[in-house]
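Residue-level structural notes
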Amino acid sequence: MGEEQNGSDAALGTNGNHALEHEVVLGGSEGLPTSTHKEGATTEQITDLNGGGGGGEVTKSSWFKASLLWKGTSTFDSFLLAQAAQAGQGLLTLPSVFAELGFAYGAFFIFLYGALGAWSVYILTWLYFEFKARMTIDNKGHSGRFTFQYHDVIGGLTGPWGNYFTRFFVMSSLFVASVIQLIASASELYYANDNLDKRQWTYVVGALALISVFIPSFGHFRWGAVLGVFSATFTAIYLFAASISHGQIEGVSHTRPDDKVVFFAGATYILYAFGGHGVTIEIVESTRRPHRFKFVYIGVVLYTFLITYPSAIAPYWAFGETIIRQSNAFGILPSSPWRMTAIVLMVIHQSISFIIFVHPIFLLVEKFARVHHRGMLLRILVRIPVVVLVWFVALAIPFFGPINSVMGAVLLTVVVYMLPLATFMYAYRTKAARQNSVLQLPPFLPSWTLMFLLNGIIVLYILVVGAGFGGWASIANLIRQVHTFGFFSKCYQCPPKA
C-alpha cells in the first residue's frame, strides 16, 4: 500500500462574508489541507455544502442577542452538545457494572472504550470532510437548510446500500437511546417520590417528552447543552461525595461474581456508555468550524473520565457486591436533599439527552415525509408519532441497565466503532483516493499501512468481543429480566414497601 503523500499543500480560499452558520471550513484561514483533485471546487460551493441546521444571513448584533441562551454554533457549543450526549444516566449504572467486573476490569474497560470512541470520532470527522469535498467536486450541493446525517456521509462514500445499512443501524440505536432516557427518568423520579410506581412515572415523562418536537435544530439548543453538562457533573460529584460520606457497609465484599454472562454484559454496558457519538454528524453540521470537532471529542472523553471514575468507584467501594442488584445508584444511597437535587438535575439531563438522540430521527422522518424544508407546523406533526412510539417501547421494556447493554452489543458496536473504520478502509482502498485524501495522516501513524492495520484490529476486536461475546451475554441477561419481571413491568427493581 506504501506511504503515499495524501494531499497537496494548497488550501482553499478565504471564508467570504457568509452567515456565521455557513463559514467555510475546508481551508481558508484555518489552513485545512485539500487534495489535488479538489482544485475545481469554488469557495462558494464549499460554503453551500457546509450549511448546517441553521439558515439565512444574520447580522452580528442579532446573532449575539439570539445566541445568549438559545442559538449556539461555536466550537465550545459542539463540546457541550457532545458532552451532554456522552455522559448522563450511564453514571448511575456504572457502580453496579464495577460490581460485575471488579475494580481492575472496570477501570480498564472505561479507558479502552473511551480511547476507541475518540479514535472512531476522529475517523468519522475525516470521512465527513472527504464526503463534503467529493460532493463539491461533483457539484452536488444542497441548500443551507439541508442537514447532512450519519447515513448521508457513509452512503455517499460507499453507495446506496451503505446508506440503507447505516440508516437502519444509526436510527435503531438512536431510537433505543431515546427509549432509555425515558426509562431512566421514570426510574429516578420513583426514587424521588414512590407514590407513583415506575410505570406511572413513565406515563408522565412520556407526555413531557412531546415538548421535544418544538426544538428546530441543534443550533438552537445552547441552553440545553449547558444544563446537560452541569447536571451530569453535579450528579457525579454527588455519587462520589455521598458514597465516601456514607462509608463502607458492615461486612462489605468486593468479590467479582464468577458469571460470564454478568461479566460480558457489564463490559458491554461500558461500550454503550461511551457510544454517545451516533449524533456526531448532526453536531458537526450545527457548528461553524466542523474541522475542530475531532479535537473537541478528545476533550469530551477526558472530561468523561474525570467524572466517571470517581462516581463509579466510590459507590462500589462503599456498598460492595450488594450494588450489583441495583442498576440505579440512587436506589442504594440514603434519601437526602442532595440526593433529591441530583435526581432532579439528572432527570433534566435525560430530558436534554432525549432531545439530542431523538432529533436525528425527526430529521429522517421529515425527509421521508418531504416536509424537511417546509414550515415548522408540518414538521411538528410528523415528529409526534416518533415520540409516541418511543414512549410505548419504554413502557413495554422498562429494564434499566440490561437494555443498555443489549443496545451497546447489537447496535453501537456497528454504528459507533465498526462502521466508521470499515468505511474509512473502503473509501481509501485505491491509491488515487489515498493520494487525494482531504486530510493528512496523523503524525503518530505516518503510513496508510499502519492506519489500515490499526482500524482492522479494532474492527476485529469489536466484532468478536463487543458484538460476539457481548451480544450473547447482554441478550441472555435481558431474557433473564423478562422471565423475572415480564413485559410492561409495573415497577422494575423496586424495593418492597414496608
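Going by the annotation in an unreviewed UniProt entry, the name recorded for the chain is Amino acid transporter transmembrane domain-containing protein, with Sphagnum troendelagicum given as the source organism. A UniProt comment under Subcellular location (unreviewed entry) is attached to the chain, and it reads "Membrane".

Glancing now at the overall build of the chain. Tallying secondary structure elements over the chain gives 17 helices and zero strands in all. Here the chain holds 498 residues, and 60% of them are scored as buried. Taking contacts inside the chain between residues at least 6 apart in sequence as the whole, the part at least 24 apart equals 86%. Total accessible area on the chain is roughly 19,700 Å²; 67% of this is exposed by carbon and sulfur atoms.

This next bit is on the packing of helix α3 (residues 75-86) against helix α9 (residues 222-246). Between α3 and α9, whose axes approach to 8 Å, the crossing angle comes to 55°. By the angle between their directions, the pair α3 and α9 is classed as oblique. The way α3 lies across α9 gives a crossing that is left-handed. Contact residues: α3 offers Asp77, Leu80, Leu81, Gln83 and Ala84, while α9 offers Arg222, Ala225, Val226, Gly228 and Val229. Partitioning the contact of α3 with α9 into residue classes produces six nonpolar, two polar and two charged.

For the pair helix α7 (residues 160-192) and helix α13 (residues 337-368), the least separation of the axes is 9 Å and the interaxial angle reads 160°. Judged by the angle between their axes, α7 and α13 are roughly antiparallel. In terms of crossing hand, the pair formed by α7 and α13 is left-handed. Classifying every residue of the contact of α7 with α13 by side-chain character gives 19 nonpolar, five polar and three charged.

This part takes up the packing of aromatic side chains. Going through the model one piece at a time under the given rule, you end up with 31 aromatic pairs. Between Phe165 and Phe169, the aromatic rings sit 4.7 Å apart at their centres with planes inclined by 45°, giving tilted as the arrangement. Of this pair, Phe165 and Phe169 are both found in helix α7, four residues apart, which corresponds to roughly one turn of the helix. Judged by its relative accessible area of 16%, Phe169 is buried.

Let us look at α7. Counted at 1.5 Å a residue, the expected span for α7 with its 33 residues is 48 Å, and the 48 Å between its end C-alpha atoms agrees. Most of α7 sits out of view: 25 of its 33 residues are buried.

Look at helix α14 (residues 376-396): 31 Å from first C-alpha to last across 21 residues, which is about the 30 Å you get at 1.5 Å a residue. For α14, the complete set of buried residues consists of Arg379, Ile380, Val382, Arg383, Val386, Val387, Val390, Trp391, Ala394, Leu395 and Ala396. Here the buried face of α14 lies against α7, α8 (198-209) and α13.

Relative to the assigned elements, Ser437 resides in the loop between α16 (431-435) and α17 (448-485). Looking at Ser437, its side chain comes within polar contact range of the side chain of Trp126, at 3.2 Å.

Further remarks concern unusual backbone geometry. Of note, the phi angle at Arg370 is positive, near 60°, even though the residue is not glycine. Within the secondary structure, Arg370 is located in the loop between α13 and α14. The exposure class of Arg370 is exposed, given its relative accessible area of 73%.

Moving on: the pattern of salt bridges. Tallying each qualifying case throughout the model produces four salt bridges. One salt bridge in this structure joins Glu130 and Arg134, with 2.7 Å as the shortest N-O distance. With Glu130 and Arg134 both in helix α5 (residues 103-137), this residue pair falls four residues apart, about one helical turn. We classify Glu130 as buried; its relative accessible area is 1%.

Moving on: a nonpolar patch on the surface. A cluster of nonpolar side chains, namely Phe103, Phe240, Ile244, Ile313 and Trp317, defines an oily patch on the protein surface of about 410 Å² accessible area. Elements with a minimum of two residues in the nonpolar patch: α9 and α12 (293-319). Looking at the element boundaries, Phe240 is found in helix α9. Judged by relative accessible area, which is 39%, Phe240 ranks as partly exposed.

Within the secondary structure layout, Gln350 lies in helix α13. A distance of 2.6 Å separates the side chain of Gln350 from the side chain of Glu188, its partner in a polar contact. Once you skip the residues sitting within four places of it in the chain, Gln350 turns out to touch Gln89, Leu92, Gln181, Ala184, Ser185 and Glu188.

Quick look at the confidence of the model for the chain now. Interpretation of this model should avoid reading the predicted coordinates in detail wherever pLDDT is low. Summing up the model confidence of the chain, the mean pLDDT is 76 and the portion of residues at 70 or higher is 76%. Confidence, read as mean pLDDT per element, is least for helix α1 (residues 43-49) in the chain (38) and greatest for α16 (91).

Residue position: Thr413 is located in helix α15 (residues 402-427). For Thr413, a relative accessible area of 0% puts it in the buried group. Not counting residues within four places of it along the chain, the set of residues in contact with Thr413 comprises Leu271, Gly408, Met418, Ile462, Gly466 and Ala467.

This part takes up the environment of Phe295. Structurally, Phe295 is set in helix α12. For the pair Phe295 and Thr125, spaced 170 residues apart in the sequence, the C-alpha separation amounts to 10.0 Å.

Turning next to the environment of Val416. By secondary structure assignment, the location of Val416 is in helix α15. Residue Val416 is classed as buried on the basis of its relative accessible area, which comes to 1%. Residues Val416 and Phe274 lie 142 residues apart in sequence; the distance between their C-alpha atoms is 9.1 Å.

Parameters at a glance
- Residues numbered from 1 in each chain as written.
- Predicted model: local features only at pLDDT ≥ 70, side-chain atom pairs only at ≥ 80, totals over all residues.
- Heavy atoms only, no water.
- UniProt positions renumbered as here; feature names shortened; annotations may be inferred.
- Helix = DSSP H or I, 4+ residues; strand = E, 2+ residues; numbered from the N terminus.
- Buried < 20%, exposed > 50% of the residue type's maximum accessible area, 1.4 Å probe, protein only.
- Contact = heavy atoms within 4.5 Å.
- Areas by Shrake-Rupley, 256 points an atom, 1.4 Å probe, with all protein chains shown as cover.
- Axes fitted to C-alpha atoms, helices over the stretch in contact; angles between N-to-C directions.
- Parallel < 35°, antiparallel > 145°, perpendicular 65-115°, else oblique.
- Left-handed = near helix turned anticlockwise from the far one by under 90°.
- Nonpolar A, V, L, I, M, F, W, Y, C, P; charged D, E, K, R; others polar.
- Phe/Tyr/Trp six-rings, centres within 6.5 Å; stacked < 30°, edge-to-face > 60°.
- Expected span 1.5 Å × (residues − 1).
- Polar contact = N/O pair within 3.5 Å; in protein donor to acceptor, adjacent residues only side chain to side chain.
- Salt bridge = Lys/Arg side-chain N within 4 Å of Asp/Glu carboxyl O.
- Patch = residues over 30% accessible without salt bridge, like charges linked within 9 Å, V, L, I, M, F, W, Y side chains within 5 Å.
- pLDDT = per-residue confidence, 0-100.

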